[in-house]
Amino acid sequence: MTAEPLSDDLRTLYQEIILDHGKHPRNFRVVQHHTCKAQGNNPMCGDRVTVTAKVDGGAIADIAFEGKGCAISIASASMMTEALKGQPPETARKLADAVKDICTGKAASPEMEPHLEKLAALSGVRQFPVRVKCATLPWQALLSCLDNGPSATTEK
Ligand code: ZN
């Protein structure tokens, strides 16, 4: 994945994907019997997401999110849940780093490229630096979710 400027066609395609996920978010719910939970806030834009996941047998058996925010933050969370279901937590962590890379115009690690195919639309935010936080917010929440572990379910 390169950091070249996006063509008009690609920009239009990326916008359509973001709008679709923003309007019809996938996995917008709370995971039943989740093993971890974390919240992310982006005060710059007013985005708030709560990620819940169930890690079972070394894989993310289920992952979902709830929240309020701009189309980019919601789309990013929606795409994240689709990309990570069934993946080992280790891959999820690496993918979170890779998404940050593509959102800030850096090249992501080649190892992650197959996973990034469906997330490429998020790289469109690199042309709008103030929106980078919107796109990376759900992924940061995911990282805290995985770090929190089961203890987070006892919270409040
Ligand atoms: Zn936002």
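Cut-off values and rules
Residues numbered from 1 in each chain as written. Predicted model: local features only at pLDDT ≥ 70, side-chain atom pairs only at ≥ 80, totals over all residues. Heavy atoms only, no water. Helix = DSSP H or I, 4+ residues; strand = E, 2+ residues; numbered from the N terminus. Rg over C-alpha atoms; globule rule 2.2 N^0.38 Å. Buried < 20%, exposed > 50% of the residue type's maximum accessible area, 1.4 Å probe, protein only. Contact = heavy atoms within 4.5 Å. Areas by Shrake-Rupley, 256 points an atom, 1.4 Å probe, with all protein chains shown as cover. Lys, Arg positive; Asp, Glu negative; His and termini not counted. Charge placed at Lys NZ, Arg CZ, Asp CG, Glu CD. Donors = N, O, S within 2.8 Å, 3.2 Å for Na, K, Ca; no water. Core = buried A, V, L, I, M, F, W, Y, C linked by side-chain atoms within 4.5 Å. Axes fitted to C-alpha atoms, helices over the stretch in contact; angles between N-to-C directions. Parallel < 35°, antiparallel > 145°, perpendicular 65-115°, else oblique. Nonpolar A, V, L, I, M, F, W, Y, C, P; charged D, E, K, R; others polar. pLDDT = per-residue confidence, 0-100.

Q: I'd love a proper account of the overall build of the protein chain, names of residues and values included.
A: Of regular secondary structure, the protein chain possesses five helices and three strands. Helices and strands in the protein chain line up, N terminus first, as α-β-β-β-α-α-α-α. In terms of C-alpha radius of gyration, the protein chain reaches 15 Å, essentially the compact-globule figure of 15 Å for 156 residues. With respect to the principal axes defined by its C-alpha atoms, the protein chain has extents near 45 × 35 × 25 Å. Put simply, the protein chain has 156 residues, and 43% of those count as buried. Of the contacts made within the protein chain by residues no fewer than 6 positions apart, 61% connect residues no fewer than 24 positions apart. Total accessible area on the protein chain is roughly 8,100 Å²; 52% of this is exposed by carbon and sulfur atoms. Positive and negative side-chain charges in the protein chain, numbering 18 and 18 respectively, have mean positions lying 7 Å apart.

Q: Explain the coordination of the zinc ion to me, and be specific about the residues and the numbers.
A: Protein ligation of the zinc ion involves Cys45 (SG), Asp47 (OD), Asp47 (OD), Cys70 (SG) and Cys134 (SG), the donor distances falling in the range 2.2 to 2.7 Å. Read N to C, the donor residues that coordinate the zinc ion are spaced as C-x1-D-x22-C-x63-C. Highlighted residues: Cys45 in the loop between strand E1 (36-42) and strand E2 (47-56) and Cys134 in helix H5 (residues 132-148), separated in sequence by 89 residues.

Q: Can you tell me about the nonpolar core, naming the residues and giving the values?
A: Grouped together as the largest cluster of nonpolar side chains are 43 residues, with contacts concentrated most on Leu84, Leu116, Trp139 and Leu142. Broken down by secondary-structure element, the contributors of at least two residues to this core are helix H1 (8-23), E1, E2, strand E3 (59-68), helix H2 (71-84), helix H3 (89-103) and H5. Top contributing element to this core by residue count: H5, with nine residues. Look past the residues within four positions of Leu142 in its chain and what remains in contact with it is Val51, Ile63, Met80, Leu84, Ala92 and Ala96.

Q: Residues and numbers for the packing of H1 against H2, please.
A: Helix packing geometry: the angle between the two helix axes and the distance between the axes. Closest axis-to-axis distance for the H1/H2 pair is 7 Å, and the angle between their directions is 85 degrees. Between H1 and H2, the angle is such that the two are roughly perpendicular. Each of Ile17, Ile18, His21 and Gly22 in H1 lies in contact with H2, whose residues at this interface are Ala71, Ile72, Ile74, Ala75, Ser78, Met79 and Glu82. Split into classes, the residues belonging to the contact of H1 with H2 amount to seven nonpolar, three polar and one charged.

Q: Pulling in residues and values, what's your account of the confidence of the model for the protein chain?
A: With 93% of its residues at a pLDDT of at least 70, the protein chain reaches an overall mean of 91. Here helix H4 (residues 113-116) stands out as the least confident element of the protein chain, with mean pLDDT 92; E3 is the most confident, with 98. Predicted confidence is poor over residues 151-156, with pLDDT under 50, and the contacts of this stretch with residues over four places away or in other chains come to five contacts.

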